[in-house]
Amino acid sequence: MPELPELEVVAEVLRRRVVGLRVGGVELFRGSAIVVRDLTHVGFAEHMTGATLAGATRRGKFLVCPLEPAAGDALFLVINPKLTGRLQLVAPAEKRHAKTHIVWSLSDGRELRYIDQKTMGQVYLTPDTAVVPDFAGMGPEALEITREAFRERIRRFRGEIKGVLTRGDFVAGIGNAYADEILWAARLYPFRKRTQLKPPEIDALYDAMRATLSDATEKVRAEMGENIHLKPRDFMAVHMKSGEPCPRCGATISLIGANQRITNFCRTCQPGGMFRGM
């Protein structure tokens, strides 16, 4: 799942390369009926054709592009890529991925494409971002919340600390992968109950969150460049590194879970609980 670092860089590239361009046409392909959510109830392709892309920002794990339509009131293109959604900015001659669902033809001759291998994401056209599911209920941005607000908000949530960290109504922008990285940096066992954390551990979690996300954004920016369909993560310390040595202590990185919903951590650096995995 693209998270704060990847989507922040994608928004930066869109601001450089796409904002200010007009949409000359929109093509919808097989599977797009699952992905496209036209909250105008007038027509996704019809409303977007002729519109100008007026901006590009990230909010949590959403991309938001205000539109200036050829006629009518302003609209928003809101993309929630979820597990496998990606954008690609290419020349029309570039071979299309088999799971391309939407193609926007741009006034500079290029195409912006939405690709989703598992067809799990959503692309909304809406006059109001507040009606997009899960958008209005997001908490403050993970890199904008103050230490004091973080301490206050975390007291409202119970359950395992990794689950709390990935809740968008707690802080926005963190998913499965970066939760693993943050907890490793904070030396916290992912399955500790939030209510068990002491004040110094909560401060360590806040510091690790800010440092991990800031550092990852810089690394993604350097590795992704203009190729917004990429998801560079080779630099990660523990996520998807099952069986490899921990870069801090050398112990074997553990795995709990399966497929994409996994938790990786170091049992030596992040002790706690009963061992249930590799």
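Note that the coordinates shown come from a computational prediction; the quantities given were computed from them, not determined experimentally.

What counts, and at which threshold
Residues numbered from 1 in each chain as written. Predicted model: local features only at pLDDT ≥ 70, side-chain atom pairs only at ≥ 80, totals over all residues. Heavy atoms only, no water. Helix = DSSP H or I, 4+ residues; strand = E, 2+ residues; numbered from the N terminus. Pairing = 2+ DSSP bridges. Axes fitted to C-alpha atoms, helices over the stretch in contact; angles between N-to-C directions. Buried < 20%, exposed > 50% of the residue type's maximum accessible area, 1.4 Å probe, protein only. Arc of directions from axis to C-beta. Contact = heavy atoms within 4.5 Å. 1 Å grid on protein atoms, 1.4 Å probe; cavity = no way out; pocket = protein on both sides within 12 Å on 5 of 7 lines; lining within 4 Å. Points joined across faces, edges and corners; volume = space filled by probe spheres on them. Nonpolar A, V, L, I, M, F, W, Y, C, P; charged D, E, K, R; others polar. Core = buried A, V, L, I, M, F, W, Y, C linked by side-chain atoms within 4.5 Å. Salt bridge = Lys/Arg side-chain N within 4 Å of Asp/Glu carboxyl O.

> How would you summarise unusual backbone geometry if you had to cite specific residues and measurements?
Unusually for a residue other than glycine, Thr 119 sits at a positive phi of about 50°. Here Thr 119 lies in the loop between strand S9 (111-116) and strand S10 (122-126). One non-glycine residue, Asp 134, lies in positive phi territory at about 75°. Relative to the helices and strands, Asp 134 is located in the loop between S10 and helix H4 (147-154).

> Can you break down the sheet that holds strand S7 (residues 85-90) residue by residue, with the values?
Spatially, S1-S8-S9-S7 is the arrangement adopted by the four strands of the open sheet, whose pairing is antiparallel. Pairing within the sheet leaves two strands with one partner each, and these edge strands are strand S1 (23-28) and S7. Ignoring which end each strand starts from, the neighbouring axes of this sheet average 15° apart.

> Kindly report on H4, identifying the contributing residues and their values.
Those residues of H4 lying buried are Phe 150, Arg 153 and Ile 154. In a view along the axis of H4, the buried residues occupy a sector of 90°, so they form one face of it. Its buried side turned inward, H4 meets helix H5 (161-165) and helix H7 (199-224).

> Give me the layout of surface pockets: which residues, what numbers.
Roughly 600 Å³ of internal volume is contained in the largest pocket. What lines the largest pocket is a set of 30 residues, among which Met 1, Lys 61, Lys 82, Leu 83 and Arg 261 lie closest to the centre. Classifying every residue of the lining of the largest pocket gives 10 nonpolar, nine polar and 11 charged.

> Describe the pairing of S10, and please don't skip the residues or the numbers.
Across the five residues that make up S10, a large majority, five, are buried. Burial along S10 is two-sided: Gln 122, Tyr 124 and Thr 126 facing one way and Val 123 and Leu 125 facing the other are all buried. By the bridge criterion, three bridges tie strand S2 (residues 36-38) to S10 in an arrangement that is parallel. When the sheet's bridge partners are listed, Asp 38 is paired in S10 with Leu 125. Here strand S6 (residues 75-80) runs beside S10; their pairing, made up of five bridges, is antiparallel. Bridge pairing in S10 places Ile 79 opposite Val 123.

> So, the nonpolar core: which residues are in play, and what are the values?
The biggest cluster of nonpolar side chains holds 64 residues, and the ones touching the most others in it are Phe 44, Leu 87, Trp 104, Phe 150, Leu 205 and Met 209. If you tally residues by element for this core, the top one is H7, at nine residues. Counting eight residues, the second-largest nonpolar core is a separate cluster that includes Phe 62, Phe 135, Met 138 and Ala 172.

> Break down the pattern of salt bridges for me, with residues and values.
If you walk through the whole model with that rule in mind, you get 21 salt bridges. Two residues, Glu 8 and Arg 58, come together in a salt bridge whose shortest N-O distance is 2.7 Å. Residue Glu 8 is found in helix H1 (residues 4-17), and its partner Arg 58 is found in strand S4 (residues 57-59); the two are separated by 50 residues along the sequence. A residue is classified by how much of its surface remains accessible, and Glu 8, at 22% relative accessible area, is partly exposed. Take Arg 58: its relative accessible area is 15%, and that puts it in the buried class. Across the pair Glu 201 and Arg 192 runs a salt bridge, and its minimum N-O distance is 2.9 Å. For Arg 192, a relative accessible area of 17% translates into the label buried. Bridged by salt links that share partners, the residues Glu 8, Arg 58, Arg 59 and Glu 141 form one connected network.

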